[in-house]
Amino acid sequence: MKSFALLAAVAAASASDFPKDDSFHADCHVSATFDGVSCDSLYALIDNEIKSWGSSTTSPAGGSYSLYEEESDVYVWSTRLTKNGQYTDDQIFELTSTNAGCTVAGHSRSQSVSVYDYSVNFCNLWNVYNGIGNFT
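Cut-offs applied
Residues numbered from 1 in each chain as written. Predicted model: local features only at pLDDT ≥ 70, side-chain atom pairs only at ≥ 80, totals over all residues. Heavy atoms only, no water. Helix = DSSP H or I, 4+ residues; strand = E, 2+ residues; numbered from the N terminus. Buried < 20%, exposed > 50% of the residue type's maximum accessible area, 1.4 Å probe, protein only. Contact = heavy atoms within 4.5 Å. Areas by Shrake-Rupley, 256 points an atom, 1.4 Å probe, with all protein chains shown as cover. Axes fitted to C-alpha atoms, helices over the stretch in contact; angles between N-to-C directions. Parallel < 35°, antiparallel > 145°, perpendicular 65-115°, else oblique. Left-handed = near helix turned anticlockwise from the far one by under 90°. Nonpolar A, V, L, I, M, F, W, Y, C, P; charged D, E, K, R; others polar. Disulfide = S-S within 2.5 Å. Core = buried A, V, L, I, M, F, W, Y, C linked by side-chain atoms within 4.5 Å. Pairing = 2+ DSSP bridges.

## A short note on the overall build of the protein chain
Inference 1: Within the protein chain, the secondary structure is distributed over 2 helices and 5 strands.
Inference 2: Secondary structure elements in the protein chain, listed N-terminal to C-terminal, are β-α-β-β-β-β-α.
Inference 3: For the protein chain, the residues scored as buried account for 38% of the 136 residues in total.
Inference 4: Of all intrachain contacts in the protein chain linking residues separated by at least 6 positions in sequence, the fraction that spans at least 24 positions is 57%.
Inference 5: Carbon and sulfur atoms provide 54% of the accessible area of the protein chain, an area that totals close to 8,200 Å².

Put into structure tokens, the structure is as follows:
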């Protein structure tokens, strides 16, 4: 009789796996503090906003967002395929509670080699900030 051993490896990802800045990929960082709003509320808003811009509904600037990974009330990692369908960028929104509310640190980075991106990485973040900013 033969016996087999099955080994399984589980890869646990985290926000620390987000691609680091370098000289070969355009990127943008934008932080915003939302006074009087809890991080769990902002997390839900960001999550819903990104999910609403999937393949059937495009973002305000065109293109589509996809949820890549998330940790409830801590971060949301998404990707955005540009309107012309040629480029994909990563975005991460990390939430930190403050005495006044919640700070969201956004970072967008091009996946392909690029030095200048005509502000696309800024727009990737702005679409989400602007969308969740209308919650009051």
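## Here's the deal with the packing of helix α1 (residues 39-52) against helix α2 (residues 120-132)
Inference 1: At their nearest, the axes of α1 and α2 sit 9 Å apart, and the two run at 120° to each other. Relative to α2, the element α1 is oriented oblique. α1 and α2 meet at a crossing whose hand is right-handed. Between α1, through Leu42, Leu45, Ile46, Glu49 and Ile50, and α2, the contact on the second element is made entirely by Val128, Gly131 and Ile132.
Inference 2: Of the residues assigned to the contact of α1 with α2, the class counts are 6 nonpolar, 1 polar and 1 charged.

## Quick word on unusual backbone geometry
Keep in mind that most residues, glycine aside, have a negative phi and that most peptide bonds are trans.
Inference 1: With a phi close to 65°, aspartate 73 is a non-glycine residue in the positive phi region.
Inference 2: The phi angle at tyrosine 118 is positive, at roughly 55°, despite the residue not being glycine.
Inference 3: The residue tyrosine 118 is located in the loop between β5 (101-110) and α2 in this model.
Inference 4: You can call tyrosine 118 exposed: its relative accessible area is 68%.

## Brief notes about the state of the cysteines
Inference 1: Using the criterion set out here, one finds 1 disulfide in the structure.
Inference 2: The disulfide partner of cysteine 39 is cysteine 102, and the gap between their sulfur atoms is 2.1 Å. On the sign convention where negative is left-handed, the bridge of cysteine 39 and cysteine 102, at about 100° about the S-S bond, is right-handed. Of the two residues, cysteine 39 sits in helix α1 while cysteine 102 sits in strand β5, which places them 63 residues apart along the sequence. Each member of the pair, cysteine 39 together with cysteine 102, is buried.
Inference 3: Cysteine 123 provides the cysteine sulfur closest to cysteine 28, a residue in no disulfide bond, and the two sulfurs are 9.0 Å apart.
Inference 4: What makes cysteine 28 buried here is its relative accessible area of 15%.
Inference 5: Judged by its relative accessible area of 32%, cysteine 123 is partly exposed.

## Describing the nonpolar core
Note that soluble globular proteins tend to have their nonpolar side chains buried in a common cluster.
Inference 1: With 19 residues, the main nonpolar core has Leu42, Ile46, Phe93 and Val104 as its most contacted residues.
Inference 2: Of all the secondary-structure elements, those providing two or more residues to this core are β1 (27-35), α1, β4 (88-97), β5 and α2.
Inference 3: Ranked by residue count, the leading element in this core is α1, at 5 residues.
Inference 4: Among residues more than four places away in sequence, those in contact with leucine 42 are Phe34, Val37, Leu95, Cys102, Val104 and Ile132.
Inference 5: Counting 5 residues, the second largest nonpolar core, distinct from the first, contains Ala15, Phe18, Tyr75 and Trp77.

## Some words on the sheet that holds β5
Inference 1: The strand order β1-β5-β4-β3-β2 describes an open sheet built from 5 strands, whose pairing is antiparallel. Strand pairing shows two members of the sheet lacking a second neighbour, β1 and β2 (64-71), which therefore form its edges. The average angle at which neighbouring strand axes cross in this sheet is 20°, direction not considered.
Inference 2: In terms of strand pairing, β4 meets β5 through 9 bridges, oriented antiparallel. By the bridge assignment, phenylalanine 93 is partnered in β5 with glycine 106.

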